[in-house]
Amino acid sequence: QQQVKQSPQSLIVQKGGISIINCAYENTAFDYFPWYQQFPGKGPALLIAIRPDVSEKKEGRFTISFNKSAKQFSLHIMDSQPGDSATYFCAARRGSTLGRLYFGRGTQLTVWP
Amino acid sequence: NAGVTQTPKFQVLKTGQSMTLQCAQDMNHEYMSWYRQDPGMGLRLIHYSVGAGITDQGEVPNGYNVSRSTTEDFPLRLLSAAPSQTSVYFCASTTGNSPLHFGNGTRLTVT
């Protein structure tokens, strides 16, 4: 049973556009929701993360929106750039099992000039 | 500061062979874990450890063994390789309250 569901599987956006990736979860015990970015040949790296006590977190061009009642969260990339082309993973974690993340299946983002 | 180091980067095995994927971290992190990444499947947890001498199974543990004798090292053993184990393997570590730090992966092909 997949703990975190992510969509879309792939996304193509024009340079300067907005990229939006969505995730949904069922387990209300999750208390930490990070997004990871992965470039080819590299391991994933933390991009931005949010806890359920806030509805939005912004870091530069990257924003997480969190809807606790709907059990959904999303990543918005404003002014998308070709350098943002990568695979993005959402994830979730329970406080009782620190160090164990449940990942979505990933979204391959391509930003074309 | 090397972070999480995985060796080898690439490996080809024949069905039935065994091998050990190495993982070492120099950040004194308590938690270490192994994930496999397959196209369209995301990152799936194989095994994880909350400290030296303590390990537990993840989502896809069958065919893999782990042990953690030191804080720094967390090797993953394939007992009898199968083509279904062809994948990219990532080791990761964290303090628990810090981000998960990943290595750069081992790409394994089983023929």
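Right, let's walk through the structure included here. All chains use their own residue numbering, which begins from 1 and follows the written sequence. Chain letters start at A and ligand numbers start at 1, both assigned in the order the entries are written. Thresholds applied to this predicted model are a pLDDT of at least 70 for local features of residues and 80 or more for the giving and counting of side-chain atom pairs; totals over whole chains, interfaces and linings are not thresholded and use all residues. Neither water nor hydrogens contribute to the side-chain values; these are computed over all heavy atoms in the structure.

**Section: the state of the cysteines**
Turning to step 1, where the next piece is worked out: Note on terminology: pairs of cysteine sulfur atoms within 2.5 Å are recorded as disulfides. All chains considered together, the criterion is met by 2 disulfides over all chains.
Turning to step 2, where the next piece is worked out: Each disulfide pairs two cysteine sulfurs, and for Cys23 of chain A the partner residue is Cys90 of chain A, the sulfurs being separated by 1.9 Å. The sign of the -95 degrees torsion about the S-S bond sets the Cys23 of chain A-Cys90 of chain A disulfide as left-handed. One end of the pair, Cys23 of chain A, is in strand S3 (residues 19-25); the other, Cys90 of chain A, is in strand S9 (residues 86-94), and 67 residues separate them in sequence.
Turning to step 3, where the next piece is worked out: By relative accessible area, which is 0% here, Cys90 of chain A ends up buried.
Turning to step 4, where the next piece is worked out: Disulfide pairing is shown between Cys23 of chain B and Cys91 of chain B; the S-S distance is 1.9 Å. Looking along the S-S bond of the Cys23 of chain B-Cys91 of chain B disulfide, the torsion reads about -70 degrees, which is the left-handed sense. Helix and strand definitions here come from DSSP, where helices need a minimum of 4 consecutive H or I residues and strands a minimum of 2 consecutive E residues; each element is numbered from the N-terminal end. Using a 1.4 Å probe on the protein chains alone, a residue whose accessible area is under 20% of its type maximum counts as buried, one over 50% counts as exposed, and one in between counts as partly exposed.

**Here's the deal with the pattern of salt bridges**
Turning to step 1, where the next piece is worked out: Here, a salt bridge means any Lys or Arg side-chain nitrogen found within 4 Å of an Asp or Glu carboxyl oxygen. For the structure on display, the rule yields 5 salt bridges over all chains.
Turning to step 2, where the next piece is worked out: The shortest N-O distance in the salt bridge between Lys71 of chain A and Glu26 of chain A comes to 3.4 Å. With Lys71 of chain A in the loop between strand S7 (62-67) and strand S8 (72-77) and Glu26 of chain A in the loop between S3 and strand S4 (30-38), the pair connects residues that are 45 residues apart, well separated along the chain.
Turning to step 3, where the next piece is worked out: Overall, Glu26 of chain A belongs to the exposed group, its relative accessible area being 58%.
Turning to step 4, where the next piece is worked out: For the salt bridge of Asp38 of chain B with Arg44 of chain B, the shortest nitrogen-to-oxygen distance reads 2.8 Å.

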